[in-house]
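# Structural description and commentary
Take a look at the letters that make up each chain.
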Amino acid sequence: MLIFYKLSTSKTNETAIAGKTSGLISLGESVTWRAKHFGVYQNLTSKITVFEKPDYFVDEMVSGAFNSFKHEHIFEDKGGFTLMIDVFHYEAPLGILGKLANILFLKKYMIKFLTQKNIALKEIAENGTVNQFLET
């Protein structure tokens, strides 16, 4: 399943480098991603803190560039279709400089990143090849 995620983030060259690096991730497990954002490679470790399969899960940053982040993933059945909702809460680092960066470019960057990732996930899920990514 992590390969499924990696394909959806190919523009940032995300690679799982520690923790759960293959298969399906579960409650209490963590993964460290190495990715290139703003031209710089960064490591970010997140942990699955809530897992209510198949409707909801939360990953929260354990370490990384943000002061904090919490990413909620909500899945709703809409008459044979699945609506996926992302709720992303974050706090930029660097105090007032981080708040200024958020206003100037970070918020826009994060929305674009999540949107592109979700478009890629949607394409994979809908084109019938998703099962090849459901490794054990």
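Keep in mind that what you see is a predicted model, and the values were worked out from it rather than measured.

### Digging into helix H2 (residues 95-126)
Every α-helical turn comprises 3.6 residues, leaving residues that sit three or four positions apart pointing alike. Of all the bends found along H2, the most pronounced is centred on Asn102 and spans about 65 degrees. Restricting attention to buried positions, one finds in H2 the residues Gly98, Ala101, Leu106, Met110, Phe113, Leu114, Lys117, Asn118, Ala120, Leu121 and Ile124.

### Notes on the sheet that holds strand E2 (residues 30-37)
The strand order across the open sheet formed by six strands is E1-E2-E3-E4-E5-E6, and the pairing between neighbours is antiparallel. Looking along the sheet, the strands with just one partner apiece sit at the ends: strand E1 (15-19) and strand E6 (82-91). Ignoring strand direction, the axes of neighbouring strands in this sheet form an average angle of 25 degrees. The sheet contacts of H2 involve E2, strand E5 (68-77) and E6, and relative to E6 the element is tilted by about 155 degrees.

### Looking at the nonpolar core
A general trend in soluble globular proteins is that nonpolar side chains are found buried together. Core analysis: the biggest nonpolar cluster contains ten residues, these being Leu44, Met61, Phe66, Phe69, Phe88, Ala92, Leu106, Met110, Phe113 and Leu114. Sort the elements by how many residues they give to this core and H2 lands first, with four residues. Excluding its chain neighbours within four sequence positions, the residues that come into contact with Met110 are Phe66 and Phe88. Grouped together as the second largest cluster of nonpolar side chains are five residues, Ala16, Ile25, Trp33 and Ile48 included.

### A closer look at the packing of aromatic side chains
As enumerated under the stated definition, the model contains nine aromatic pairs in all. A ring pair is formed by Phe66 and Phe88, whose centres lie 6.4 Å apart and whose planes are at 75 degrees; its orientation type is edge-to-face. Here the residue Phe66 occupies a position in the loop between strand E4 (56-63) and E5, and Phe88 occupies one in strand E6, the gap between them amounting to 22 residues. Note on Phe66: relative accessible area 15%, which makes it buried.

### What to know about the pairing of E5
Here five bridges tie E4 to E5, and the two strands are oriented antiparallel to one another. By the bridge assignment, Asp59 is partnered in E5 with His71. In sequence, E4 turns back onto E5 through a hairpin of four residues, with Gly64 there showing a positive phi of about 155 degrees.

### Observations regarding the confidence of the model for the protein
When pLDDT is averaged along the protein, the result is 87; 85% of the residues meet or exceed 70. The element-level mean pLDDT for the protein is lowest in helix H1 (residues 2-8), coming to 53, with E4 highest at 97.

Scoring rules and cut-offs
- Residues numbered from 1 in each chain as written.
- Predicted model: local features only at pLDDT ≥ 70, side-chain atom pairs only at ≥ 80, totals over all residues.
- Heavy atoms only, no water.
- Bend = angle between axes of the 7 residues up to and from the residue.
- Helix = DSSP H or I, 4+ residues; strand = E, 2+ residues; numbered from the N terminus.
- Buried < 20%, exposed > 50% of the residue type's maximum accessible area, 1.4 Å probe, protein only.
- Pairing = 2+ DSSP bridges.
- Axes fitted to C-alpha atoms, helices over the stretch in contact; angles between N-to-C directions.
- Contact = heavy atoms within 4.5 Å.
- Core = buried A, V, L, I, M, F, W, Y, C linked by side-chain atoms within 4.5 Å.
- Phe/Tyr/Trp six-rings, centres within 6.5 Å; stacked < 30°, edge-to-face > 60°.
- pLDDT = per-residue confidence, 0-100.

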